[in-house]
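Now for the letters of each chain:
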Amino acid sequence: MVEGLKVILTHPLLRPLAGCSATMNVFDHALFAMLLLYVARELALPAAALGIIACSAWRRPLTA
């Protein structure tokens, strides 16, 4: 793992790509958490609807 991080941090193209991916993942997950809280609290949808929304928001199907 340390060797892989050294390669990424020293490579001129991989370093910004890794930084961009990490930033996108953090904010994507934060947005998804806020969406779930909004649906649960403000829209007062039942748990089954919340589960359907959570499953449909994933990038890959559950059967893969």
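Draft legend 1. Highlighting the overall build of the chain. Along the chain, the regular secondary structure elements total three helices and zero strands. If you list the helices and strands of the chain from N to C, you get α-α-α. As presented, the chain carries roughly 5,600 Å² of accessible surface, and 72% of it is formed by carbon and sulfur atoms.

Draft legend 2. Inspection of the confidence of the model for the chain at higher detail. A residue-level look at the chain finds 88% of positions with pLDDT of 70 or above and a mean pLDDT of 85. Looking at the elements of the chain, mean pLDDT is at its lowest for helix 3 (residues 47-56), recorded as 81, and at its highest for helix 1 (residues 2-10), recorded as 94.

Draft legend 3. Summary view of unusual backbone geometry. If you check the backbone angles, Ala44 has positive phi at about 50° while not being a glycine. With respect to the secondary-structure elements, Ala44 resides in the loop between helix 2 (14-41) and helix 3.

Draft legend 4. Representation of the packing of helix 1 against helix 2. The geometry of helix 1 relative to helix 2 is characterised by a closest axis approach of 6 Å and an angle of 105° between their N-to-C directions. Taken together, the axes of helix 1 and helix 2 are roughly perpendicular relative to one another. For the pair formed by helix 1 and helix 2, the contact residues are Ile8, Leu9 and Thr10 on the first element and Leu14, Arg15 and Ala18 on the second. Here the contact of helix 1 with helix 2 is composed, by residue class, of four nonpolar, one polar and one charged.

Draft legend 5. Representation of a nonpolar patch on the surface. A cluster of nonpolar side chains, namely Met1, Leu5, Val7, Ile8, Leu9, Leu13, Leu14 and Leu17, defines an oily patch on the protein surface of about 800 Å² accessible area. Put simply, the parts of the chain that give the nonpolar patch at least two residues each are helix 1 and helix 2. Here the element with the most residues in the nonpolar patch is helix 1; it accounts for four residues. Locating Leu5 in the fold gives a position in helix 1.

Calculation notes
- Counting of residues starts from 1 at the beginning of each chain's written sequence and follows it residue by residue.
- Reporting in this predicted model follows two pLDDT cut-offs: at least 70 for local features of residues, and 80 or more for side-chain atom pairs to be given and counted; totals over whole chains, interfaces and linings ignore these cut-offs and use all residues.
- Side-chain measures here rest on the full set of heavy atoms in the structure, leaving out hydrogens and waters.
- Runs of H or I in DSSP of at least four residues are treated as helices and runs of E of at least two as strands, each being numbered from the N terminus.
- All accessible-area figures derive from a Shrake-Rupley calculation using a 1.4 Å probe, and residue coverage is judged against the displayed protein chains alone.
- Per-residue confidence from the prediction method is given by pLDDT, with values spanning 0 to 100.
- To obtain an axis, a line is fitted to C-alpha atoms, over the contacting stretch when the element is a helix, and the angle between two such axes runs from 0 to 180 degrees between their N-to-C directions.
- We call two directions roughly parallel when the angle between them is under 35 degrees, roughly antiparallel when it is over 145, roughly perpendicular when it lies between 65 and 115, and oblique otherwise.
- Here, residues are in contact when the closest pair of their heavy atoms is within 4.5 Å.
- Note on residue categories: nonpolar means Ala, Val, Leu, Ile, Met, Phe, Trp, Tyr, Cys or Pro, charged means Asp, Glu, Lys or Arg, and polar means any other residue, Gly included.
- For patch detection, residues must exceed 30% relative accessible area and be free of salt bridges, and they are connected within 9 Å for like charges or within 5 Å for nonpolar side chains (Val, Leu, Ile, Met, Phe, Trp, Tyr).
- For salt bridges, the criterion is a side-chain nitrogen of Lys or Arg within 4 Å of an Asp or Glu carboxyl oxygen.

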